[in-house]
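Here is what each chain is made of, one letter per residue.
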Amino acid sequence: LTTDTRFTLVEASKQPGLELIATKHLYASDSIVRRSAPLQAMITSEDRDLAVAEDVASQYRLKTGDRVKLIQGLAQLELRARVDASLAPHCVQIY
């Protein structure tokens, strides 16, 4: 666990029943855009959000705009939380 109080820690792989939905980013869709340096430079974790289902937001005491550190295995992302009522229970989605 992290002692960094700036972030709420969500460990997707250690939460039974927590489903991570990862959508392919627009700028990773094909080989042409993947090779475009200007497009790739636009992609940062600062621009990405983590949509969280209402039950997950309640469990972690998250509100829209909170900073979240998402960990799955060895991978980590620091994202802004966005509570999304349209997500199924126990789901988080990277946008």
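What this report covers is the structure whose coordinates are included nearby. (Residues numbered from 1 in each chain as written. Predicted model: local features only at pLDDT ≥ 70, side-chain atom pairs only at ≥ 80, totals over all residues. Heavy atoms only, no water.)

**What to know about the overall build of the protein**
Of the regular secondary structure elements, the protein holds 3 helices and 6 strands. Listed N to C, the secondary structure of the protein is β-β-α-α-β-α-β-β-β in terms of helices and strands. The 95 residues of the protein split such that 33% are buried. Of the contacts made within the protein by residues no fewer than 6 positions apart, 66% connect residues no fewer than 24 positions apart. (Helix = DSSP H or I, 4+ residues; strand = E, 2+ residues; numbered from the N terminus. Buried < 20%, exposed > 50% of the residue type's maximum accessible area, 1.4 Å probe, protein only. Contact = heavy atoms within 4.5 Å.)

**Points about the environment of E78**
Among the structural elements, E78 can be located in strand β5 (residues 75-83). In the structure, E78 is positioned 29 residues away from D49 in sequence and 9.0 Å away in space, judged by C-alpha atoms.

**Here we look at the nonpolar core**
The biggest cluster of nonpolar side chains holds 16 residues, and the ones touching the most others in it are L50, V52, V56, L62 and V92. Within the residue set of this core, elements represented by two or more residues are β3 (49-52), α3 (54-60), β4 (67-72), β5 and β6 (91-94). Setting aside chain neighbours within four positions, we find V52 in contact with A57, L62, R82, V83, D84, L87, C91 and V92. (Core = buried A, V, L, I, M, F, W, Y, C linked by side-chain atoms within 4.5 Å.)

**Quick look at the pairing of β4**
Direction of pairing for β4 relative to β5: antiparallel, over a ladder of 6 bridges. Counterpart to L70 in the pairing with β5 is L77. Counting the residues that bridge the hairpin from β4 to β5 gives 2 residues, and of these G73 lies at a positive phi of roughly 65 degrees. (Pairing = 2+ DSSP bridges.)

Interpretation note: all reported values are geometric properties and have no functional meaning in isolation.
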